[in-house]
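# Breakdown of the fold
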Amino acid sequence: MNVKELIEKLKTLDQALPVVCYYDDEDGVCLMELDHVDASDAEITRNDDGSISGKFQRGPESQKVAFIHVTCG
């Protein structure tokens, strides 16, 4: 998903709603709060198992990426 797609989806919601992120794992659902949003240079790769990993750095393989930092707090 890119920033434009995220904005379009968020526009369909009540603008006063709080935003909560979540993911499912074997122990159930983990809820997270948004801490901040920013952009940074990063090298993002997709692993053989389909997961992604990355490094916050500028280099020949880096690109500008929007990041949403979440916290379990």
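Now for a description of the structure that goes with this document. A quick note: this is a predicted structure, and the numbers were derived from the prediction, not measured.

### Quick look at the overall build of the protein
A tally of regular secondary structure across the protein gives one helix and four strands. Starting at the N terminus and ending at the C terminus, the protein contains elements arranged as α-β-β-β-β. The C-alpha radius of gyration of the protein comes to 15 Å, more than 25% above the 11 Å expected for a compact globule of 73 residues. Here the protein, with 73 residues, has 10% of them falling under the buried criterion. Considering only residue pairs separated by 6 or more positions, the protein has 40% of its internal contacts joining residues 24 or more positions apart. For the protein, the accessible area works out to roughly 6400 Å², and carbon and sulfur atoms hold 53% of it.

### Some details on the packing of aromatic side chains
A full pass over the atoms with the stated rule returns one aromatic pair. Between F56 and F67 the ring centres are 4.5 Å apart and the planes differ by 50 degrees, which places this aromatic pair in the tilted class. One end of the pair, F56, is in the loop between β3 (52-55) and β4 (63-71); the other, F67, is in strand β4, with 11 residues separating them in the sequence. On the accessibility criterion, F56 (61% relative accessible area) is exposed. Look at F67 and you get partly exposed, because its relative accessible area is 24%.

Rules behind the numbers
Residues numbered from 1 in each chain as written. Predicted model: local features only at pLDDT ≥ 70, side-chain atom pairs only at ≥ 80, totals over all residues. Heavy atoms only, no water. Helix = DSSP H or I, 4+ residues; strand = E, 2+ residues; numbered from the N terminus. Rg over C-alpha atoms; globule rule 2.2 N^0.38 Å. Buried < 20%, exposed > 50% of the residue type's maximum accessible area, 1.4 Å probe, protein only. Contact = heavy atoms within 4.5 Å. Areas by Shrake-Rupley, 256 points an atom, 1.4 Å probe, with all protein chains shown as cover. Phe/Tyr/Trp six-rings, centres within 6.5 Å; stacked < 30°, edge-to-face > 60°.

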